[in-house]
Amino acid sequence: MIDLKEKIDRSRLPNHVAIIMDGNGRWARERGSHRIFGHQNGITSVRETVEGAGELGIKYLTLYAFSKENWCRPPEEIDALMGLMISTINSETETLIKNNVRLMIIGDMQNLPAYITEKLNEVAGLTAGNDGLTLIIALSYGSRWEIAGAARRIAEDVISGKIEMEKINENTFSEYLLTKSIPDPELLIRTSGECRISNFLLWQIAYTELHFSQTLWPDFRKEHLYKAIIDFQKRERRFGKTSEQIKCD
Ligand code: IPE
Ligand code: IPE
Ligand code: MG
């Protein structure tokens, strides 16, 4: 078997990989089971991906775990997802610490039950000093909500005289987003064959390479991550320039 990991050029790794983990419901349906069974099986994929990214030396991994739109799902599914969130964080805290992973959360915390936010904040605090992989969980996250919030916070700071309106630029705007200390993703993976962004990191993915995988999330393993990185490394990122200009840089 070809060792995919060996095919990765370690000197050109994406600094930040973001993943829309999709397809749990379909995975369960294919097995005649309830959607929740799919979510439960998606945890192994999360573990594999975090481990795989850490082993490669990727610096940032963002996982889209629950969108603001997902609050419209049936209450029993939401309860199951929150339960899975808390049990996973409880069982994985030690591993995160041992593997030097720093946990960060982005999303609308107001909407989340207190027992979840308290636990997540606690683990984020415990791992804040780790300098290996930064694992960012997007939870109750919506990009338009994040952007509107940034606009509101900028307006507040203009009114209070903290910043001058004329000085607002793209960098200022990035500083007001929840991802302010995090570089933009270089690679975005979506599983399950859906080719859409679903309100994820709209500002941050302006120049991100997109990789759509047919694999349903509960089947996603390190090899799938490696494949996406190999695909990323074959691409020429031009940022508006010509191919000739890139080669001279
Ligand atoms: C992704 O799988 C998990 C979440 C959105 C929480 P889905 O639950 O969306 O699975 P499909 O898309 O219905 O198969
Ligand atoms: C996007 O998946 C959100 C997460 C993966 C958390 P969805 O399954 O909710 O997306 P849509 O609604 O099909 O676009
Ligand atoms: Mg889905």
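Below is a summary of the structure that appears in this document. Keep in mind the model is a prediction, meaning the values are calculated, not measured. (Residues numbered from 1 in each chain as written. Chains lettered and ligands numbered in written order. Predicted model: local features only at pLDDT ≥ 70, side-chain atom pairs only at ≥ 80, totals over all residues. Heavy atoms only, no water.)

## So, the environment of Gly-54
The test is simple: Segments assigned H or I by DSSP are reported as helices when at least four residues long, segments assigned E as strands when at least two residues long, and all are numbered from the N terminus. Exposed residues in this analysis have more than 50% of their type's maximum accessible area, buried residues have under 20%, and partly exposed residues fall in between, with area computed by a 1.4 Å probe over protein chains only.
Relative to the helices and strands, Gly-54 is located in helix H2 (residues 35-56). You can call Gly-54 partly exposed: its relative accessible area is 38%. In this structure, the C-alpha to C-alpha distance between Gly-54 and Asn-99, residues 45 residues apart in sequence, is 8.0 Å.

## With respect to the site of ligand 1
We apply this condition: Here a residue counts as near a molecule or strand whenever at least one of its heavy atoms sits within 4 Å of it. Polar contacts, as used here, are pairs of N or O atoms within 3.5 Å; protein pairs need one atom able to donate a hydrogen and one able to accept it. Residues neighboring in sequence count only if both atoms are side-chain atoms. Note that accessible areas follow from Shrake-Rupley with a 1.4 Å probe, and for residues the cover is restricted to the protein chains shown. Throughout, the protein atoms alone are placed on a 1 Å grid, and a set of points is a cavity if a 1.4 Å probe fits but cannot get out or a pocket if it is open with protein on both sides within 12 Å along at least five of seven lines; lining residues have an atom within 4 Å of a point. Put plainly, a molecule is in a cavity or pocket when over half of its atoms are within 2 Å of the grid points there.
As a matter of local geometry, ligand 1 sits amid Met-21, Asp-22, Gly-23, Asn-24, Gly-25, Arg-26, Arg-35, His-39, Ala-65, Asn-70, Arg-73 and Leu-81. Gly-23 is positioned such that a nitrogen or oxygen atom in its backbone is 3.3 Å from an oxygen atom of ligand 1. Residue Gly-25 places a main-chain N or O atom 2.9 Å away from an oxygen atom belonging to ligand 1. In the complex, the protein chains occlude 86% of the 370 Å² of accessible area that ligand 1 would expose alone. The cavity where ligand 1 resides is the largest pocket. At the level of elements, helix H1 (24-30) and H2 are the ones that each hand at least two residues to the shell around ligand 1. No other element matches the 3 residues that H1 contributes to the shell around ligand 1.

## Some thoughts on the site of ligand 2
Quick note on the threshold: All amino acids are sorted into three groups, where Ala, Val, Leu, Ile, Met, Phe, Trp, Tyr, Cys and Pro are nonpolar, Asp, Glu, Lys and Arg are charged, and the leftover types, Gly among them, are polar.
Around ligand 2, the neighbouring residues are Ile-20, Met-21, Asp-22, Tyr-64, Ala-65, Phe-66, Ser-67, Asn-70, Arg-73, Arg-190, Arg-196 and Ser-198. In this structure, an oxygen atom belonging to ligand 2 sits 3.2 Å away from a side-chain N or O atom of Asp-22. In this structure, an oxygen atom belonging to ligand 2 sits 3.3 Å away from a side-chain N or O atom of Arg-73. Taking a 2 Å distance to the grid points as the criterion, the majority of the atoms of ligand 2 fall inside the largest pocket. When residues in the shell around ligand 2 are grouped by element, the largest group, 4 residues, is from strand S2 (residues 60-67). Residue composition of the shell around ligand 2, grouped by class: 5 nonpolar, 3 polar and 4 charged.

## Regarding the environment of Thr-62
As a reminder of what qualifies: Any two residues whose heavy atoms approach within 4.5 Å at even a single point are treated as in contact.
Considering the arrangement of structural elements, one finds Thr-62 in strand S2. Since its relative accessible area comes to 2%, Thr-62 is described here as buried. Remark: the alpha-carbon pair of Thr-62 and Ser-45, spanning 17 residues in sequence, is separated by 14 Å. Here Thr-62 is in contact with His-16, Val-17, Ala-18, Ile-19, Ile-136, Phe-200 and Leu-201, once residues within four sequence places are set aside. Looking at Thr-62, its side chain comes within polar contact range of the side chain of His-16, at 2.7 Å.

## Considerations on the packing of aromatic side chains
Stated formally: Stacked, edge-to-face and tilted are the three classes for Phe, Tyr and Trp ring pairs, Trp counted by its six-membered ring, which pair at centre distances within 6.5 Å; planes under 30 degrees apart are stacked, over 60 edge-to-face, the rest tilted.
For the structure on display, the rule yields 8 aromatic pairs. Measuring from ring centre to ring centre gives 5.1 Å for Tyr-207 and Phe-239, while their planes differ by 45°; the resulting arrangement is tilted. On the criterion of sequence distance, the pair formed by Tyr-207 in the loop between strand S5 (187-190) and strand S6 (209-212) and Phe-239 in the loop between helix H7 (222-233) and helix H8 (243-248) is long-range, its members being 32 residues apart. Of the residues examined, Tyr-207 reaches a relative accessible area of 48% and is grouped as partly exposed. Ring pairs connect the aromatic residues Tyr-64, Tyr-141 and Phe-200, which therefore count as one cluster.

Honestly, it's all geometry; don't read function into it.
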